[in-house]
Every structure is written in C-alpha cells, then in structure tokens.
Amino acid sequence: MIKYVIKRLLLAIPVLIGVSIIVFLIMRVFSADPAPVVLGQHATAEAMEAWRDANGLNDPILVQYFDFVTGALTGNLGESYYTHTPVMTELLNRFPATVELAIVAIIIAAVIGVALGVVSATHKNTPIDGLATILALVGVSMPIFWLGVLLIILFAGMLHVLPSSGRIDPLLQPVGGTGLYLLDTLLSGDFEAFADAASHIVLPAVALSMYSMAVITRMTRSSMLDTLNEDYVRTARAKGIRKRRVDIHHALRNAMLPVTTVIGLQLGSLLGGAMLTETVFAWPGIGKYVVDSILKSDFPVVQGAVLLIAVIFVIINLVVDVIYAYLDPRIKYSQEEG
Amino acid sequence: MAMAEISRRRFVEALGAAGAVSAFALTGCGSQRASEGGSAAAGGTADTITFAQGADPRGLDPAYVDDGESAKIMCNIYDTLLRYDTETCDIVPGLSDLPEISDDGLTYTFKLHEGVKFHDGTDCNADAVKQNIDRQLEPNRTEDMPYASFVYGSEDTNSGVESVEAPDDTTVVITLRAASTPFIKNMAMALAAPVVAPSAYADGANSNEKPIGSGPYKFVSWSKGENVVLEANEDYWDEEHKPQTKNVIFRFIAENSSRVTALNNGEVDIIDGIDASVVPTITDAGNELFDEDGMNINYMAFRNDEGQFTDVAARKAFCQAVNVGEMVKSLYGDYATPANSVMPIWMAPYDEDIVQTAYDPDAAKAAFADLGITSCTMLTYTNPRPYNSIGGQPLAEAIQGYLADAGVDMEIVSYDWTTYQTKVETDKFDVCLYGWTGDNGDPDNFMNLLADTNVSMNVGRYNNDEYKALIAEGLATEEGEDRDAIYKQCEQMVADEMPWMLISHSKNLAGYSPKVQGFFYHPTGVVHLEGVTKTA
C-alpha cells in the first residue's frame, strides 16, 4: 500500500506542473494588465511601468514562471498585488470556510443521494423511481447560481426563515479555533452561535449539494441495480431474509463501493472552492476570493489558489483510492499483483 | 478479517450518523435569528448597526488604499485635520481649527485640539500628524501609496507639500511648493489624509489590517471576505460627533440582489452600491431609499488628437445626433440627471446659463454627410460604474441607435473594466465611454481632467493651451467670485469645443431600514455612522 501511495504521489508531480503552466499562461495571456488596478486612477504611465518592472512583469515569461515555481516549492506563493498580503496566509484564512461548506454539502448530498438511489433501485420502474430520476436530472442540469438565487428569494426574501448570506452573525463569531464555525461553536459550548452558524450554512450547502446529490443518486441506483441481481442477494432472499434487510445489509453495503469513490471525488471538487455558490451567498471561501482576484488581475493569488486547489484534488483522489482499497480487499490484491 | 468488516461497517454507519446529525442541526436550527438585525439595548435603541457593501476594503490604512469600500470604513475609525460638512463639501474644523493661510498661499498653520488620544491611548498630537504626512512625502513615499501624489503632490510637478513641521504639540505648519486652493479640501479626504496612530505602523506593525485612529469608532476585527467590526469609542473627544450606537458592522456581500435580500430580510440595516432596477424591491418591502445627487460625471470622450473627431464640426454633429435627455431618462429613470456641465449641478460654480449642443438629428445627418463620416468605433467598459449604474454596454447601444438614425454605423468594442483601463490607452478608437467620481469637492478636481497629461485621466487626449492656463490659474486662485469665473470659462469652453459629450450625473443610491435614523451618504462616497441610530 505504501508503495502504491508513493507511486501515486510521484504521478501527481506532472499533473501539478501541467496545472501550474496552464494557469500561469492563462493569467498572462488573457488577463488585463494589473498595473492600473493596483496603482489606481492617479498613477502615471511611468509609475505603472516602474511597478511592472519591480514586480517582474517585464521579465521574459520563462523567468516569471521559474520564479513562481521556485517560490511555490518553498511554500511561498508570493504577495497579492492588490493588498500586499501573503497569498498563502490569505488562502489559509479562507480555507476553513470552503472546507466547512464542502463537508456539509457532501453530507447532505451523500445522505439524500444514497437514500434516493436506494429507493429508486428498489422501486425500479415505479412512479417513485421516475420521481427520483427526475430529481436527479434536475439536480444535474440546474445551474447552481440560479438555484442559489431561487433559494435566497424563497427562504430569505419571502419566508424570512433563513439568512441569505454570510457565515455567522459577526458578533457571535468564534475567535481562534479551527475556523470551522460549526465545530468551534460546538466545542466551546456556544449553542446560540452554533445555531446561527448552522442557519447560515443551510442554503449555500443545499445549493452546492444539488449537483453532487444527483450524481450520487444515479450512481447508487445503478450500482444497487447491479448488486440486486447478484446471486448472493437472490440466495439471501431464498433463505427468507426480509426484503428490507437484504436491500440494506447485503445489497447496499456492496453497492456503496463505487458510490464511495464518487462521494470522494465530489468532495474533492467541492473543496476546490465553489466559486458561484460562494459568490451568491457571500460565503468567504477560496472560490469567492479567486473570483475577486481574477477580476483584479491579481496573478499571484489566482496562480496560488489554483495550484492549491489542484494539490487538494490530487490528495483527495489518492485518499479516495486508499479508502476504496480498504473497503474492498479485491482492490488491494490487484494492486499487489500488479 | 472480522475486525476489518466491523471497521468498514462502522465507517459506513458513521457516515450515515454524521449525515443524520448534520441534517438535524440544519433543519432544527434553521429558523434561528433569521430576521434579527442585531440585538437591542435597554431603552429601545438597537446596539448594532450593520452596513452591507459590495466588497472587502483593500486595506484600512488610508495611506495604502484608493477604494471607496475602504474609505467608508476608515472615515469612522480616523479623524482628519479638517472635515467636510455633513451634507456638502464645505470645509469645517476637524482635529484642527480652520488653518491660517499665509498671504502667498504657501503656508498653512493648523492648531490642533488638545488632549486627543488615539484608540491605543497614545497622543494624537502635532508630531503624529507630521509623521503621517512625512511618510507619504518623497522620498519616503512608496509605490503602494496610490493617493499620496494626489493629496500631497510631487516634486516633478512642483505641486503639493514641500515640508511639514510640528513646532509644538498642537501646531502643524505645512508649506506648499506652489499655492493650491484645493489643498484645504484634500485635508478632509478619507484617503491619504486621515491621521493614523504612528504606533499602528511602527516596527513593522500592520496598520492596513489593524488600524488605530482617533475617530468615533474603534477597530475590533476584520474577517476577510466577511465583515469588519467596529465598536464605539466612548472617550471620543468631539462631543458633537460622539458615536450613538455601540457596534457598527460592515458586511461584504458582492451580489446586488443578495444585498437587497439581506436588507429586506432584516439581516442588515443599510446597503449601498445598488442601481435603479432594485429600488422597487427595496421600497416595496417597506425600506427607505436614499437618493441624493452624487459627485460624478458620466461622459463620452472623443479622441481629440487623431481620427475623425479632431474637428469641432464632427464632434458637434455627433452631439447633435444623440438625444441625451431622452436617453438618460430612458436608461436611468429618476436616478440620474442629464449633464449640462462637467461638474455636478449642486457643486459651485455650476452655471445654469451654459447650454450644451442641442439634439438636432437632421443637422447631424447633414453634417456627417458633408464630413464623409459613415462609421466610427466606440470603446466601452461592460461593468456598472458609480457614475453609470447600468454598465457601459446598454449606454453604448443607445448611442449606437441614435448614430444609426444619423447615417453613421458605430461599432462597439467592449471590455471588462480592468482590461478597459489599459485599452483606452493602447487601442485606436473614435469615441469611448468614461466617467469620473470626484475626490474632494473642488472644481479643479473635475475640470482638471481635460488638462491632465496623464492619458488614464484625460482619455480623449484633449490638449488646449488656453484651457490649461485657466486650470493653472484656478488652482492658485483663492475661493470666491474670481475663481468661480475661471471655472465658468472652462465649462463654457467644454460646451463650445465638445471634447466630451456630457451624459449624466448619477445619484448616490442606498437602501436602509425604516428603523434607522440619521443616515446620510456623503457626496464624497463615505458614510459617517457616528450619528446614526436604530430603534430596536
């Protein structure tokens, strides 16, 4: 297993190099000149040129890329052009918000998605199955941005039962801790703050979970249908075990293997920052920060954030594969044989 | 194997349990505090006011920022030597009385109020003021001080501050390189001018993230992307501006519609950065609308130095082709006023007698035919701007329609604002959309745009020696009738020569809860919240 992990980590290197090249070139080729944004409306052309020189933007592109990569290798992603704050510090400040939202969203997606998938598979070709399929289709095809706005209008604008934006009432905000407000408030026993943080995360988490939920529903249904046709399921039924017990304890447990992979991969993509969701709900995570920085041509922030997201995705992928191997011994054997 | 099976089962069970707990937490707690806008203090007055704006501040040290989002927060944390009157750009005493100005207009002597303390307990005295100005003067000035050259001038242009002295604890003497009437207004600005405690930036301290001022509110915290929290400075020296509400929170909500919903849902008390399209949503929910004239100009610049519009006759034909009044009413409703001058209507010395080129489509068509102009290119930005809340594209298309009626095919080339700022300097065009939001309420701040050698300020490259001479004269002339006459002459030249087609002055729009009292959005774009209260 250790050899396998090391091999996967080595394979991640070219992936990360590729990502770094692509994001670096995209920012340099398609983004606007950051000098007017950084120096403001009163800056002269000479001042802007001096700033470009000082920040290496007039250096050859290869030199600029080399500087970026050598910095990144030492954990130094540079400073934001706009705020002069270290990019790594800014990303780490915002990361807990993204992690918290992603975890809650994936829990919602997994719980509802698996349940819908199981019901759909066990009631194949019934109206319930049709309803679940329609829900999954809607979830896959509905733009998150639009869904987010709808949820805000309905639950905050019309019903006034949930807050429309933000993470917590600022006066209840926990100080220090992990940065995961639900966890921090719970650990400190501040239940008022916990309730407030929970109420703030409902709408963005539901909006963000919709796509993943749809994917998990379809995967669970398909995997369950395969499993329900297996001999051991038929045998279990022939032995007179109750249908519900067979479905849950025999079929679902085995059907969950590919579903686990999908859940893991969905979590990886959610941790990459839900740019639209974070923007709509003013959720102060990495996604919103990247969007703001793209609009300001803040190259170091965008490059650093995308690289960090790529690293996270690679790690999550690896963790998912390791968990999969742990849950299904056949995978482990095949790796060892290979 | 048995152990492994149990573990796997527990793993799946734990996943399910976590989902169940989370679902319970989410649904069970969902209705908490949703419609509360802040907790109430005894006596019927809420102890928290929440202001929602579109973005984080760039920073909180006035020497290092140039954005309105920062200014709105900073003006509550810091004091300035002088301040603007509550609703106008007239100058009134701040940390100092009005200064004594020497006859040659070069020396300003400020007498500071005694006993003023910064929030950390250090003295807000003449030495602190001197240090604040000194750090923004050459050669101490650094490239990341975007407003230093505007407020304190520079050696290159022989403008601004030559030196600053603090002969005693309460006296500050500022000597200018050349007489400059707007300088006194610069001393009230929310950028570069506010006095920061030297301890906030000494020894590597980060004044941009942990500001220390002497203003009515003290900085408490800044959660990036979320909020800035301030609390009342109970020891504030100025009785007239003592803070009335215990906590002030600035929240950052990027989406317009989300800010509106937050206001209507009672999550925030005041929002800004809105456009006319959301006004009915705000007022229908029972909230109040603030809509006072802003300090801005929305204009279209001709390329005055090359191309088809170097000739006044061509520019006149263009202006005759566009029905500005109709267009402004149609695009902005009641929330912008057709521009009859470069300066906003309320700013002295606006002259109502000056008349811009009248709409005359037949004359325009004939003139274009005579001049052989059948097509042209317009550059525009896409984003909404403070002076143009609907963005550049709809405005460009409206002008395009009028031009088509006059027989001219106008191509529109649009970019996002960030890209656009470079494109207007590098790309070829006949006309471009632009605008300006004033800094200090002085006429020079508007009229000087057409004399500026910096292309990013003077995008139409208007270059008229007579006009420049008037601007130089106005800069050094004391406030009064003589100075007003100079700027009226400038306005008349703009009306006659049409380097710009003036479009509109937009109103400052903000929505606020009916529970809020004393709210006013200053024309300079800042919001002093010390006098604002909210009923519980």
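Residues numbered from 1 in each chain as written. Chains lettered and ligands numbered in written order. Predicted model: local features only at pLDDT ≥ 70, side-chain atom pairs only at ≥ 80, totals over all residues.

Turning next to the overall build of chain B. The helix and strand inventory of chain B stands at 16 helices and 20 strands. Taking 536 residues into account, the globule formula puts the C-alpha radius of gyration at 24 Å, and chain B, at 26 Å, falls close to it. For the C-alpha atoms alone, the extent of chain B along its principal axes is close to 90 × 65 × 50 Å. The proportion of buried residues among the 536 residues of chain B is 51%. Restricting the contact set of chain B to residue pairs at least 6 apart, pairs at least 24 apart contribute 69%. (Helix = DSSP H or I, 4+ residues; strand = E, 2+ residues; numbered from the N terminus. Rg over C-alpha atoms; globule rule 2.2 N^0.38 Å. Buried ≥ 20, exposed ≤ 12 C-beta atoms within 10 Å, placed from the backbone. Contact = placed C-beta atoms within 7 Å.)

A separate point is the overall build of chain A. Across its full length, chain A carries 15 helices and zero strands. For chain A, the C-alpha atoms occupy an extent of roughly 85 × 60 × 40 Å along the three principal directions. Taking all 338 residues of chain A together, 47% fall into the buried category. Long-range contacts, defined here as pairs at least 24 residues apart, represent 73% of the contacts in chain A between residues at least 6 apart.

Our focus in this paragraph is helix α2 (residues 68–77) of chain B. Residues and elements named next belong to chain B. Across the ten residues of α2, ten count as buried, placing the element largely inside the fold. Those residues of α2 that fall on the buried side of the exposure criterion are Gly68, Glu69, Ser70, Ala71, Lys72, Ile73, Met74, Cys75, Asn76 and Ile77. Of the surrounding secondary structure, the elements contacted by the buried residues of α2 are β1 (48–53), β8 (217–223), β9 (227–232) and β10 (247–252).

Our next topic: the packing of helix α11 (residues 243–271) of chain A against helix α14 (residues 299–327) of chain A. Residue and element names in this part refer to chain A. Running from N to C, α11 and α14 cross one another at 165 degrees; their axes reach a closest spacing of 9 Å. Of the possible angle classes, the one that applies to α11 and α14 is roughly antiparallel. Note that α11 runs across α14; the crossing there is right-handed. On α14, the residues that touch Leu257, Thr260, Thr261, Gly264, Leu265, Leu267, Gly268 and Leu271 of α11 are Ile312, Phe313, Ile316, Asn317, Val319, Val320, Ile323, Tyr324 and Leu327. Of the residues belonging to the contact of α11 with α14, the class tally is twelve nonpolar, five polar and no charged. (Axes fitted to C-alpha atoms, helices over the stretch in contact; angles between N-to-C directions. Parallel < 35°, antiparallel > 145°, perpendicular 65-115°, else oblique. Left-handed = near helix turned anticlockwise from the far one by under 90°. Nonpolar A, V, L, I, M, F, W, Y, C, P; charged D, E, K, R; others polar.)

Residue and element names in this part refer to chain B. Where burial is concerned, most of β10 is hidden: six out of the six residues are buried. Of the two faces of β10, both are covered, the one formed by Asn247, Ile249 and Arg251 as well as the one formed by Val248, Phe250 and Phe252. Pairing geometry for β9 and β10, over five bridges, is antiparallel. Counted as the bridge partner of Glu231 is Asn247 from β10. (Pairing = 2+ DSSP bridges.)

So, about the interface of chain A and chain B. Between chain A and chain B, the contact holds 59 residues from the first and 55 residues from the second. Looking at the side of chain A that touches chain B, the elements that each hand over two or more residues are α2 (35–39), α3 (45–54), α5 (87–122), α7 (144–158), α9 (191–228), α11, α12 (275–280) and α13 (286–295) of chain A. Sort the elements by how many residues they give to the side of chain A that touches chain B and α5(A) lands first, with seven residues. Of the residues contributing to the side of chain A that touches chain B, the split by class is 34 nonpolar, 16 polar and nine charged.

Strand pairing in a sheet takes place through backbone hydrogen bonds and is either antiparallel or parallel in direction. All names here are of chain B. With antiparallel pairing, four strands are arranged side by side in an open sheet as β4-β5-β7-β6. Of all the strands in the sheet, the pair left with one neighbour each is β4 (100–101) and β6 (161–168). When β6 meets strand β7 (residues 171–176), the two strands line up antiparallel, connected through five bridges. Counterpart to Glu165 in the pairing with β7 is Val173.

A word on unusual backbone geometry. Following Glu138(B), the chain continues into Pro139(B) via a peptide bond in cis, with omega recorded as 5 degrees. The topology assignment puts Pro139(B) in the loop between α3 (126–134) and α4 (148–152). Of note, His84(A) is a non-glycine position whose phi angle comes to about 65 degrees, a positive value. By secondary structure assignment, the location of His84(A) is in the loop between α4 (61–73) and α5. For His84(A), a count of 14 C-beta atoms within 10 Å puts it in the partly exposed group. The backbone of Asn158(B) sits at a positive phi, close to 50 degrees, despite the residue not being glycine. Locating Asn158(B) in the fold gives a position in the loop between α4 and β6. Looking at Asn158(B), the number of C-beta atoms within 10 Å reads 11, which means it is exposed.

Time to look at the confidence of the model for chain B. Residues and elements named next belong to chain B. In the predicted model, chain B carries a mean pLDDT of 90, and the fraction of residues at 70 or more is 92%. A low-confidence stretch, residues 11–42 (pLDDT under 50), is modelled with 56 contacts involving residues beyond four sequence positions or located in other chains. For this predicted complex, the interface confidence score (ipTM) comes to 0.86, while the overall pTM stands at 0.87. (pLDDT = per-residue confidence, 0-100.)

Residues and elements named next belong to chain A. In this model, chain A carries a mean pLDDT of 89, and residues with pLDDT of at least 70 account for 97%. The least confident element of chain A, judged by mean pLDDT, is helix α15 (residues 329–337) at 55; the most confident is helix α8 (residues 181–187) at 95. Every residue in residues 333–338 is under pLDDT 50, and counting partners more than four places away or in other chains gives two contacts.

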